[in-house]
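Here are the chains, one letter per residue:
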There are 2 protein chains.
Amino acid sequence: MGGVTQSARLSGADRRKQLIGIGLRMLTKRPIHELPLDQVAAEAGISRGLLFHYFPTKTDYYQAVVSAAARRLIRATTPDPDAPPADQLRQTLDTFVAFLERRRDLYLALFRGSAGGADYLIEIYEQTRDVFADRTVAALGPIEVTPALRLVIRGWFSFVEDTTLTWGRDKPIPREELLTLLAGALPALITAAQPTLAPQVHNLFP
Amino acid sequence: MGGVTQSARLSGADRRKQLIGIGLRMLTKRPIHELPLDQVAAEAGISRGLLFHYFPTKTDYYQAVVSAAARRLIRATTPDPDAPPADQLRQTLDTFVAFLERRRDLYLALFRGSAGGADYLIEIYEQTRDVFADRTVAALGPIEVTPALRLVIRGWFSFVEDTTLTWGRDKPIPREELLTLLAGALPALITAAQPTLAPQVHNLFP
DNA sequence: GCGCGCCGTTGAGTGTTGCTCAATAAGATG
DNA sequence: CATCTTATTGAGCAACACTCAACGGCGCGC
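What you see is a predicted model; the values in this text were computed from it and never measured. (Residues numbered from 1 in each chain as written. Chains lettered and ligands numbered in written order. Predicted model: local features only at pLDDT ≥ 70, side-chain atom pairs only at ≥ 80, totals over all residues. Heavy atoms only, no water.)

1. Some thoughts on the protein's contact with DNA strand D
So, step 1. Around DNA strand D there are 21 residues in total, and Arg9(A), Leu10(A), Arg15(A), Ser47(A) and Lys58(B) lie nearest to it.
So, step 2. Near-protein atoms of DNA strand D (within 4 Å) split between backbone and bases, with sugar and phosphate holding 67%.
So, step 3. A distance of 2.8 Å separates a phosphate oxygen of DNA strand D from a polar atom in the backbone of Leu10(A).
So, step 4. Within the contact set of DNA strand D, a phosphate oxygen lies 2.5 Å away from a backbone nitrogen or oxygen of Lys58(B).
So, step 5. When contributions to the surface near DNA strand D are tallied by element, the ones reaching two or more residues are helix H1 (12-26) and helix H3 (48-54) of chain A together with helix H3 (48-54) of chain B.
So, step 6. Here the surface near DNA strand D gets 5 residues from one element, more than from any other, and that element is H3(A). (Near = heavy atom within 4 Å. Polar contact = N/O pair within 3.5 Å; in protein donor to acceptor, adjacent residues only side chain to side chain. Helix = DSSP H or I, 4+ residues; strand = E, 2+ residues; numbered from the N terminus.)

Right, dumping it as structure tokens:
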């Protein structure tokens, strides 16, 4: 099983990183309420008491781990800021699908699973989605963001997230076709919601 | 607060129903790991021991409650079997939105965020979605269900679910407009995924 | 009406787990 | 070397999930 390394004295920051890393790994396999903090401490080679020194409650620890996962996701999907907006959106989509392929269990356990849980988890999930929504709006160029459009953009993210996760189970179509489908869905949805925007949006993905 | 009724001797089936009903109510307010089974027992006016007689583990109890919620959702959105397929889909959509409006917390707590995604919960969620996917396929009439189409239909459900939940927070557009948007999204997505189906699908919602 | 067994019900008891706290030891600073 | 900071420990507590042996009301056969 896990490498129960006898650990030397670490700096606070390093110890936190180590503990969060362990959580990132272990919470991918079991849900939070099935993970005793004793096991985390054992894995890190420290006493229970020290764990509580860094994370006063189990909730604090969990929150820190989920936040770390969110940061990873955002970092992994950050597009090249010098590329044209449409390309940036393409990149985000592509890297997002790649992330979900590689870290499927982590994503399911840490985001999807916690999205309906406690408030502090919903908060993290919402913030993450806001980042993607903002990137999408940026890619659309200078158009008025009506409430309906904002709704559709967030909904499109859900569509992308869920379709990719479902696709990842047995990959019933080629990856390229999936990406085309996901990309094509955005102008389709926007047009359905606001037909006046159709012309501006149709050449989003040439 | 809760009516701690001193309860008489009940039949097994009735006691189960009562306990599940209590779970349905209490789990809407706090997540499962913050709900001691003592409180459930107290609310029902029985001893802890009896609770474990009906549900051997806390997981068993939780699973039973989530299943019950899923059955409620499916029952509440079942369309009139004698109506034409397109009407049935309209009905499902309308009642689904109504359900999410009325039982928002319950839906969020028991489906969207079920405790870090244990397998038995994902299973229930998947089965529920399958029901909606099947209803949608039925409404489309006799067309070949390709893998891509199946993906899009599931994805549409996610779009509907999430958009409605987001909309429910501050209702930035009128309810009717939301329904039109959600309904219009299905043919739009299908067309985006499979242009050959466009003609058959465009008069889905007259 | 009477014994008898079934089953809903209880309450005390147990091991694990989240969390506290006072005391220790290792490194940095003067 | 003295002192101050801080990472670290381990004992101890309370809450909770879960067990188990015994009780008691109800229906059944006789």
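2. Let's talk about the pattern of salt bridges
So, step 1. Scanning all chains against the criterion turns up 21 salt bridges over all chains.
So, step 2. For Glu101(A), the salt bridge is made with Lys171(A), and the minimal N-O distance between the two is 2.7 Å. Linking Glu101(A) in helix H5 (residues 85-102) with Lys171(A) in the loop between helix H8 (147-170) and helix H9 (175-193), this pair joins segments that are 70 residues apart in sequence.
So, step 3. Taking relative accessible area as the criterion, Glu101(A) reaches 31% and is therefore assigned partly exposed.
So, step 4. Of the residues examined, Lys171(A) reaches a relative accessible area of 40% and is grouped as partly exposed.
So, step 5. A salt bridge links Asp162(A) to Arg129(B); the shortest N-O distance between them is 2.7 Å. Separated into two different chains, Asp162(A) in helix H8 and Arg129(B) in helix H7 (residues 119-140) make up a pair that spans both.
So, step 6. We classify Asp162(A) as buried; its relative accessible area is 3%.
So, step 7. Connected through shared salt-bridge partners, Glu126(A), Asp130(A), Asp134(A), Arg150(A), Arg154(A) and Arg169(B) make up one network. (Salt bridge = Lys/Arg side-chain N within 4 Å of Asp/Glu carboxyl O. Buried < 20%, exposed > 50% of the residue type's maximum accessible area, 1.4 Å probe, protein only.)

3. Observations concerning the interface of chain B and chain A
So, step 1. Between chain B and chain A, the contact holds 38 residues from the first and 36 residues from the second.
So, step 2. Both faces considered, chain B and chain A share a buried interface measuring about 2900 Å² in area, 68% of it formed by carbon and sulfur atoms.
So, step 3. Joining chain B to chain A, the criterion identifies 4 salt bridges.
So, step 4. The salt bridge involving Glu126(B) is made with Arg169(A); its shortest N-O contact spans 3.2 Å.
So, step 5. On the surface where chain B and chain A come into contact, there are 6 residue pairs in polar contact (both at pLDDT 80 or more).
So, step 6. Only helix H6 (104-112), H7, helix H8 (147-170) and helix H9 (175-193) of chain B provide two or more residues apiece to the side of chain B that touches chain A. (Contact = heavy atoms within 4.5 Å. Buried area = accessible area lost by both parts, 1.4 Å probe.)

4. Focus on the protein's contact with DNA strand C
So, step 1. If you check the shell around DNA strand C, you find 20 residues, and the closest are Leu37(A), Lys58(A), Leu10(B), Arg15(B) and Ser47(B).
So, step 2. Take the atoms of DNA strand C that sit within 4 Å of the protein: sugar and phosphate atoms are 64% of them.
So, step 3. In this structure, a phosphate oxygen belonging to DNA strand C sits 3.3 Å away from a side-chain N or O atom of Tyr54(B).
So, step 4. Those elements that provide at least two residues to the surface near DNA strand C are H3 of chain A together with H3 of chain B.
So, step 5. Broken down by element, the surface near DNA strand C gets its largest block of residues, 5 residues, from H3(B).

5. A word on the UniProt feature "DNA-binding region" (unreviewed entry) in chain A
So, step 1. Mapped onto the present numbering, the UniProt feature "DNA-binding region" (unreviewed entry) falls on residues 36-55 of chain A.
So, step 2. Along residues 36-55 of chain A, the helical share is 75% and the strand share 0%, with 14 Å between the first and last C-alpha atoms. (UniProt positions renumbered as here; feature names shortened; annotations may be inferred.)

6. Details of the side chain of Arg15(B)
So, step 1. Residue position: Arg15(B) is located in helix H1 (residues 12-26).
So, step 2. One buried charged side chain, Arg15(B), makes no salt bridge at all; its nearest oppositely charged neighbour is Asp14(B), positioned 9.0 Å away. (Lys, Arg positive; Asp, Glu negative; His and termini not counted.)

7. Re the packing of aromatic side chains
Residue and element names in this part refer to chain A.
So, step 1. Within this structure, the stated rule accounts for 12 aromatic pairs over all chains.
So, step 2. Ring centres of Tyr107 and Phe111 lie 4.9 Å apart, and the angle between their planes is 20°; on these two criteria the pair is classed as stacked. Taken together, the positions of Tyr107 and Phe111, both in helix H6 (residues 104-112) and 4 residues apart, correspond to about one turn of that helix. As far as the burial class goes, Tyr107 and Phe111 line up, both buried.
So, step 3. Each member of the aromatic cluster is reached from another via a ring pair, and the members are Phe96, Tyr107, Phe111, Phe132 and Phe157.
So, step 4. When the ring centre of Phe132 is taken as origin, the NZ or CZ atom of Arg135, which lies over that ring, is 5.3 Å away. (Phe/Tyr/Trp six-rings, centres within 6.5 Å; stacked < 30°, edge-to-face > 60°. Lys NZ or Arg CZ within 6 Å of the ring centre and 35° of its normal.)

8. Observations regarding the side chain of Arg129(B)
So, step 1. We classify Arg129(B) as buried; its relative accessible area is 3%.
So, step 2. Excluding residues within four positions of it along the chain, Arg129(B) makes contact with Arg112(A), Asp162(A), Arg154(B), Phe157(B) and Ser158(B).

9. Structural notes on the nonpolar core
So, step 1. In this structure, Tyr107(A), Leu110(A), Tyr107(B) and Leu110(B) are the most contacted members of the largest nonpolar core, which totals 138 residues.
So, step 2. What Leu110(B) contacts, discounting residues up to four positions off in sequence, is Leu24(B), Leu27(B), Val65(B), Val66(B) and Ala69(B). (Core = buried A, V, L, I, M, F, W, Y, C linked by side-chain atoms within 4.5 Å.)

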